Amino acid sequence: MRKKKPNISRIGLIAIGLIIVGLLFATKGLADDHRKSKGWFEREEQHHSFLFGRNDEGNETAGQMAAWLLVAANLPVVLSLLIKWTNKFVPMGNGLKGALARFNRFQKTHLMRFHYLINPLVLGIALWHWLSSRCKSTALPEWGLAVMIALIVLGLIMKFRLCPKQLRKSVYRLHTQPLLFLAMVMVLTIGHLIVD
C-alpha cells in the first residue's frame, strides 16, 4: 500500500485559519488608536525604536523599500502563476497558449535569479525596518515578518538543497504554497493599517 502524502493545501488552510484567529484577537488594538492599553497585543509604549531607544513614528523609507523590493522579487512567480492559470482556464488557441508558455519559460530563465537574490535582501531591510521602528499597538507585523522569514528560509533550503532528498518535495510544496504568501501579505497589510 502506498502512504498517503500530506495535503499541502490543507496545511495552507490551517495556516490561514490560525492567522484569522490571531486577527480576531489583534483587532482589539484598532479601537485604542495608539492610546495606552494593556490588551494581549498591546503595550503601553506604542512607537518605540529598539535600536535607538526613543519614540519613533516609523522608518518609512526602509518599509517602502522592503515593500517595493518584495513586489519586484516575486514578480516572476506571480507572472508564472498567472500564465499557468490563463493557459489552464481561459479558452484560447494553441498558438497563443504556446506563446504564453514560451514567454513563461523565458521570464523564469531570466527573472527568477532576481527572486533568489532580492528576497534575502528584502528580509534584511524588513528586519532593519522592524528593529528601528516597531509600533507596539499590534503584533500583526511581527507575525507577517515571521511568515516572511519562514518562506525565505524554505526558499534557501530549496535553492541550496539543505534538506534530505525525501523532504525536498514537501519543502517545495510548502514554499510555493500561494496561500502562505497571500497570508503573509494580508497580515502585513492589516498590521500596518492598524499601526497607521
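Up top is the structure these notes are about.
These numbers were taken from a predicted model, which means no experiment stands behind them.

S.K.: What am I meant to see in the overall build of the protein here?
M.R.: A tally of regular secondary structure across the protein gives 7 helices and 2 strands. Starting at the N terminus, the α and β elements of the protein follow one another as α-α-β-α-α-β-α-α-α. Counting across all 196 residues of the protein, residues that qualify as buried make up 36%. Put simply, 71% of the contacts in the protein that link residues at least 6 apart link residues at least 24 apart.

S.K.: Just to check I follow, could you spell out the packing of aromatic side chains for this structure?
M.R.: Aromatic ring pairs: the centre-centre distance and the angle between the two ring planes describe each pair. Using the criterion set out here, one finds 1 aromatic pair in the structure. Between the aromatic rings of tryptophan 85 and phenylalanine 89, the centroid separation amounts to 5.8 Å while the plane-to-plane angle is 50 degrees, which identifies the pairing as tilted. Of this pair, tryptophan 85 and phenylalanine 89 both sit in helix H3 (residues 60–89), 4 residues apart, which is roughly one turn of the helix. According to the relative accessible area criterion, tryptophan 85 is partly exposed, its value standing at 49%.

S.K.: Explain the nonpolar core to me, please; I cannot follow it from the model alone.
M.R.: Grouped burial of nonpolar side chains is what soluble globular proteins tend to show. If you look at the biggest cluster of nonpolar residues, it comprises 16 residues, and the most contacted ones within it are Leu70, Val122, Leu123, Ala126, Leu145, Met148 and Met184. When residues of this core are traced back to their parent elements, those giving at least two are H3, helix H4 (94–132), helix H5 (140–159) and helix H7 (178–195). Among the elements that take part in this core, H4 stands out by supplying 5 residues, more than any other. Not counting residues within four places of it along the chain, the set of residues in contact with methionine 148 comprises Leu70, Val122, Leu123, Ala126, Met184 and Leu188.

S.K.: Explain unusual backbone geometry here, please?
M.R.: In this structure, arginine 161 takes a positive phi of about 50 degrees despite not being glycine. Positionally, arginine 161 belongs in the loop between H5 and helix H6 (165–175). Residue classification places arginine 161 among the exposed residues on the basis of a relative accessible area of 60%.

S.K.: Would you mind going over the environment of asparagine 104 with me for this structure?
M.R.: On the secondary structure map, asparagine 104 appears in helix H4. The exposure class of asparagine 104 is buried, given its relative accessible area of 6%. Sequence separation between asparagine 104 and isoleucine 83 is 21 residues; the distance between their C-alpha atoms is 6.9 Å. Each residue touching asparagine 104, except ones within four places of it in the same chain, is listed here: Ser80, Ile83 and Lys84.

S.K.: I keep staring at the packing of H3 against H4 and nothing clicks. Help me out?
M.R.: How two helices pack is summed up by the angle between their axes together with the distance between the axes. Here H3 crosses H4 at 155 degrees, and the two axes come no closer than 7 Å. The angle between the axes of H3 and H4 places the two elements in the roughly antiparallel class. Handedness of the H3/H4 crossing: left-handed. Taken together, the residues of the contact of H3 with H4 sort by class into 22 nonpolar, 10 polar and 3 charged.

S.K.: Hey, could you run me through a positive patch on the surface in this one?
M.R.: A cluster of basic side chains, namely Lys159, Arg161, Lys165 and Arg168, defines a positive patch on the protein surface. By the element assignment, arginine 168 lies in helix H6.

Rules used in this analysis
- Residues numbered from 1 in each chain as written.
- Predicted model: local features only at pLDDT ≥ 70, side-chain atom pairs only at ≥ 80, totals over all residues.
- Heavy atoms only, no water.
- Helix = DSSP H or I, 4+ residues; strand = E, 2+ residues; numbered from the N terminus.
- Buried < 20%, exposed > 50% of the residue type's maximum accessible area, 1.4 Å probe, protein only.
- Contact = heavy atoms within 4.5 Å.
- Phe/Tyr/Trp six-rings, centres within 6.5 Å; stacked < 30°, edge-to-face > 60°.
- Core = buried A, V, L, I, M, F, W, Y, C linked by side-chain atoms within 4.5 Å.
- Axes fitted to C-alpha atoms, helices over the stretch in contact; angles between N-to-C directions.
- Parallel < 35°, antiparallel > 145°, perpendicular 65-115°, else oblique.
- Left-handed = near helix turned anticlockwise from the far one by under 90°.
- Nonpolar A, V, L, I, M, F, W, Y, C, P; charged D, E, K, R; others polar.
- Patch = residues over 30% accessible without salt bridge, like charges linked within 9 Å, V, L, I, M, F, W, Y side chains within 5 Å.
- Areas by Shrake-Rupley, 256 points an atom, 1.4 Å probe, with all protein chains shown as cover.
- Salt bridge = Lys/Arg side-chain N within 4 Å of Asp/Glu carboxyl O.
- Lys, Arg positive; Asp, Glu negative; His and termini not counted.
- Charge placed at Lys NZ, Arg CZ, Asp CG, Glu CD.

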